[in-house]
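Residue strings, one per chain:
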Amino acid sequence: MRKDFLPFTRPEVTDNDIAEVVSVLKSGWLTNGPKNAAFEEKICEYTNSKNAVALSSATAGMHILLESMGIGPGDEVITPALTWVSTANMIVLVGATPVFAEIDRDTMLITPESVEACISERTKLIIPVHYAGAPVDIDAIQAIADKHNIPVVEDAAHSLGTLYKGRHIGGTNTALYSFHAIKNITCGEGGMLTTDDDELLKKIKMYKFHGLGVDAFDRQNKGRSPQAEVFEPGYKCNLTDICAALGLSQLERIDEINAKRTELALLYRELLADIEGIEPLHDPVGYDFKHAWHLFIVRVSSEKINRNDFMAALKEQNIGTGLHFRTIHLQKYYRENMGFKPGDLPNTEWNSDRICSLPLFPAMTADDVRDVVTAIKFVLNNA
Ligand SMILES: *Cc1c(COP(=O)(O)O)cnc(C)c1O
């Protein structure tokens, strides 16, 4: 058995990252300022997006995005149920109704067919998730959305560095990235909205800082004009420069980080290939893509042990795991208030009961991967 505990993830913070943060702390300007501006610019460059707005989190970004699009009571928003709870929560909090699209059992990605089946006269927005770092078939989903004249916003929280047909996520659309501590690069907490829609951009900038008609930081004035006034009551979800400096420094290494993740993920695939009852996610088929490997997810379909016991047994072997995610539609609030019940989304539920994220972070070694696989074999053999 492994001597030291291998966590499911660990953020990689280099000396350069730390020096960049310290330089902000010494600069006399802590909240959003030049580091935010530089971070936005670099994300635009990297993803080939027209505009980017740094935010305190992807969740906050989703909130002001829904507000900016005027989504509210009576409106429906299509998204998967097997995702982080924040999307559905924000939809509910603005008074709209989440409509959960079924996923493909093998890839856990929503399909164009499942999205189309959810469209009604009330549909105001479609939010696909590029799960674990693999892209959904966004062209096919976009074509359906265009046919019905419905906008699409891509949840890119797992997919910084993902390519779909050679394009970065959100390069020609609106997308939301997250820089929460477990994501491929991190600010501690943080998010970024990219968009090619100038009107939307204006609203996001307004809502992210109290509804003032100007940004929090005016490069010419070295600060906000004291004459700025409220156009519409807004929120407070700007990113500090302390956080932006960390994100900016990490962004320089994104391709290196993802290459390391890919190497580890491919080794997992190879070593797990013959283990019965452990099913890694499949690659999507039908389009060219590059995986960002945010997560390495397996489905525990063994007859000998269920997922929860599997996770507990691995922990006893000093291997940490994660659960990304429990389906939203069967969580207490959604069951009790929105009438969802088991059986509504069979592929989603099958996965929700079986998924487990294995350790995956850039500082891991091939031997760490081998330790995980050894522990998995031990757990299965002793179940
Ligand atoms: C992390 C995550 C979010 C939310 O990101 P925050 O920055 O933590 O608000 C949204 N969607 C998915 C799929 C995520 O994994």
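None of the values given here were measured: they were computed from a predicted structure. (Residues numbered from 1 in each chain as written. Predicted model: local features only at pLDDT ≥ 70, side-chain atom pairs only at ≥ 80, totals over all residues. Heavy atoms only, no water.)

## As for the site of the ligand
Here is step 1 of the chain: Neighbouring the ligand are 15 residues, the closest being Thr59, Asp155, His158, Ser178 and Lys183.
Here is step 2 of the chain: Note that a nitrogen atom of the ligand is positioned 2.8 Å from one of the side-chain N or O atoms of Asp155.
Here is step 3 of the chain: One nitrogen or oxygen atom from the side chain of Lys183 is found 3.1 Å from an oxygen atom belonging to the ligand.
Here is step 4 of the chain: Contact with the protein chains hides 92% of the accessible area of the ligand, taken as 380 Å² for the molecule alone.
Here is step 5 of the chain: Of the residues in the shell around the ligand, the class split is 5 nonpolar, 8 polar and 2 charged. (Near = heavy atom within 4 Å. Polar contact = N/O pair within 3.5 Å; in protein donor to acceptor, adjacent residues only side chain to side chain. Areas by Shrake-Rupley, 256 points an atom, 1.4 Å probe, with all protein chains shown as cover. Nonpolar A, V, L, I, M, F, W, Y, C, P; charged D, E, K, R; others polar.)

## Describing the pattern of salt bridges
Side chains bearing opposite charge may pair, as long as their charged atoms lie close to each other.
Here is step 1 of the chain: Tallied over the full model, the rule gives 19 salt bridges.
Here is step 2 of the chain: Here Glu336 ties to Lys332 by a salt bridge, and the two come within 3.1 Å at their closest N and O atoms. Here Lys332 and Glu336 lie together in helix H11 (residues 332-338), a separation of 4 residues that amounts to about one turn.
Here is step 3 of the chain: Overall, Glu336 belongs to the exposed group, its relative accessible area being 53%.
Here is step 4 of the chain: Salt-bridge contacts for Asp367 lead to Arg370; the nearest nitrogen and oxygen are separated by 3.0 Å. In this pair, Asp367 and Arg370 both sit in helix H13 (residues 366-381), 3 residues apart, roughly one turn of the helix.
Here is step 5 of the chain: Each member of the salt-bridge network shares a partner with another, and the members are Arg2, Asp4, Asp368 and Asp371. (Salt bridge = Lys/Arg side-chain N within 4 Å of Asp/Glu carboxyl O. Helix = DSSP H or I, 4+ residues; strand = E, 2+ residues; numbered from the N terminus. Buried < 20%, exposed > 50% of the residue type's maximum accessible area, 1.4 Å probe, protein only.)

## So, the domain arrangement of the chain
Here is step 1 of the chain: Domain parsing of the chain yields domain 1 (15-251) and domain 2 (254-381).
Here is step 2 of the chain: A C-alpha centroid distance of 25 Å is found between domain 1 and domain 2.
Here is step 3 of the chain: Across the domain 1/domain 2 interface, buried area totals approximately 3500 Å², and carbon plus sulfur atoms make up 62% of it.
Here is step 4 of the chain: Inspection of the region where domain 1 meets domain 2 yields 0 salt bridges.
Here is step 5 of the chain: For the side of domain 1 that touches domain 2, the secondary structure elements donating two or more residues are helix H4 (86-93), strand E3 (97-101), strand E6 (163-164) and helix H8 (241-251).
Here is step 6 of the chain: Considered class by class, the residues forming the side of domain 1 that touches domain 2 number 24 nonpolar, 12 polar and 7 charged. (Domains from an automatic or database assignment. Buried area = accessible area lost by both parts, 1.4 Å probe.)

## Focus on the sheet that holds strand E5 (residues 153-155)
Here is step 1 of the chain: Spatial ordering of the open sheet is given by E1-E9-E8-E5, a layout of 4 strands whose pairing is mixed. If you trace the sheet from one side to the other, it starts and ends with strand E1 (51-55) and E5, each paired once. In this sheet, neighbouring strand axes are inclined to one another by 20° on average, regardless of whether the strands run parallel or antiparallel.
Here is step 2 of the chain: Against the sheet, helix H2 (residues 34-47) makes contact with E1, strand E8 (174-178) and strand E9 (191-195), and its axis sits at roughly 135° relative to E1, the strand it touches most. (Pairing = 2+ DSSP bridges. Axes fitted to C-alpha atoms, helices over the stretch in contact; angles between N-to-C directions. Contact = heavy atoms within 4.5 Å.)

## Here we look at the side chain of Asn51
Here is step 1 of the chain: Structurally, the position occupied by Asn51 is in strand E1.
Here is step 2 of the chain: Look at Asn51 and you get buried, because its relative accessible area is 14%.
Here is step 3 of the chain: A polar side-chain atom of Asn51 sits 3.3 Å from a polar atom in the side chain of Asp198.

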